[in-house]
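Below, each chain spelled out in residue letters.
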Amino acid sequence: QRLWIFLVAFGIRLVAATITTVTNLNPDSRGDARVFASTAEYIANGLLQGQLIFPDVTITFRLWGLFLTPFWLVPGPSGFYGRVGNAFLGAFAIYNVYVIARYYHSHRAGVIAVLPLIFYPSIVAVHSTLLREAIILFGMTTAVRFVICPPQKRSRWLSYGSAAVALYVAHIHRPDNLIIY
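Residues numbered from 1 in each chain as written. Predicted model: local features only at pLDDT ≥ 70, side-chain atom pairs only at ≥ 80, totals over all residues. Heavy atoms only, no water.

1. Regarding the packing of aromatic side chains
Operational definition: Note on aromatic pairs: the rings of Phe, Tyr and Trp (six-membered ring only in Trp) are paired at centre separations within 6.5 Å, and the planes decide the class, stacked below 30 degrees, edge-to-face beyond 60, tilted for the rest. Working definition: helices are DSSP H or I runs of at least four residues, strands are E runs of at least two. Numbering for both runs from the N terminus. Throughout, exposure labels follow a simple rule: accessible area from a 1.4 Å probe, protein chains only, divided by the maximum for the residue type, with under 20% read as buried, over 50% as exposed, and the rest as partly exposed.
Under the defined criterion, the tally for this structure stands at 12 aromatic pairs. Pairing phenylalanine 6 with phenylalanine 92 gives two aromatic rings, centres 6.4 Å apart and planes at 75 degrees, and the pair type is edge-to-face. Here phenylalanine 6, found in helix α1 (residues 3-22), pairs with phenylalanine 92, found in helix α4 (residues 78-104); they are 86 residues apart in sequence, far enough to count as distant. Using a relative accessible area of 26% as the deciding quantity, one classes phenylalanine 92 as partly exposed. Through pairs of rings, three or more aromatic residues link up here, namely Phe6, Phe10, Phe88, Phe92, Tyr95, Tyr98 and Phe138.

Spelled out as structure tokens, the structure:
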């Protein structure tokens, strides 16, 4: 019953990632997304030669490019793989929102809470690119989920530690949002 939330969110983002890969319809796939992709490719090429090298770009591009680099180490359409990875993170973030709403109210409340996140075109478009927003939303929602509805078989301190790691992941990709975290 709960799995379909993730599967629908991921499926829509997967279709959007495919469209973004083969067309220029998604305006979010330009600009920074292209710099992130070229940074990841540059780092991956260096790693394949046995070196960790970075292009002459800001730390923001270097850091997210480093996170995307594994997709460029796999043979095939690396940009598509990266978009699928982002789609997965975006869908998991949506699932986190569902779990939180269900924990506090009901299945119906969870579904209502995530419907706009699943289908809103701007959110789908961003989650189908190589931008950082999916991992930031994933980090924030995962942290909240660990703090306010921790698993019963895990210690509270482990939940707090996991939440801190999730927030740190969000923070390193958007340090200007620290006040929100």
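2. Quick word on the confidence of the model for the protein chain
Definition in use: Confidence of the prediction at every residue is given by pLDDT, a number between 0 and 100.
Per-chain confidence: the protein chain averages 92 in pLDDT, with 98% of residues scoring 70 or above. Per-element mean pLDDT across the protein chain ranges from 90 in helix α8 (residues 156-173) up to 96 in α4.

3. Regarding the nonpolar core
This is how the line gets drawn: Only buried residues count toward a nonpolar core. Its members are Ala, Val, Leu, Ile, Met, Phe, Trp, Tyr and Cys residues joined through side-chain atoms within 4.5 Å. Contact definition: two residues touch when any of their heavy atoms are within 4.5 Å.
Core analysis: the largest hydrophobic core is formed by 17 residues, its most contacted members being Ile5, Phe10, Ile94, Tyr95, Tyr98, Val114 and Ile118. Listing elements by their share of this core, those giving two or more residues are α1, α4 and α5 (107-119). Here this core takes eight residues from α4, the largest share from any one element. Leave out the neighbours within four places in its chain, and isoleucine 118 touches Ile5, Val8, Ala9, Ile12, Arg13, Ile94 and Val124. By size, the runner-up hydrophobic cluster in this structure holds 16 residues, among which are Trp72, Leu89, Leu131 and Ile136.

4. Quick look at the environment of leucine 167
Within the secondary structure layout, leucine 167 lies in helix α8. Leucine 167 sits in the partly exposed class, given a relative accessible area of 27%. Here the alpha-carbon distance between leucine 167 and leucine 178, two residues 11 residues apart in the chain, equals 9.5 Å.

5. Observations regarding α1
The cut-off we apply is this: Residue count minus one, scaled by 1.5 Å, sets the expected span of a helix. Here, the arc refers to the directions that run from the helix axis to the C-beta atoms.
An ideal rise of 1.5 Å per residue puts 28 Å on 20 residues; α1 measures up with 29 Å between its terminal C-alpha atoms. Taken as a whole, α1 has its buried residues at Ile5, Phe6, Ala9, Phe10, Arg13, Ala16, Ala17 and Thr20. Projected down its long axis, α1 shows its buried positions confined to an angular sector of 125 degrees, all on one face. For α1, the exposed residues set more than 90 degrees away from the buried face come down to Leu3, Val15 and Val22. In this structure, the buried side of α1 is in contact with α4, α5 and α6 (121-127).

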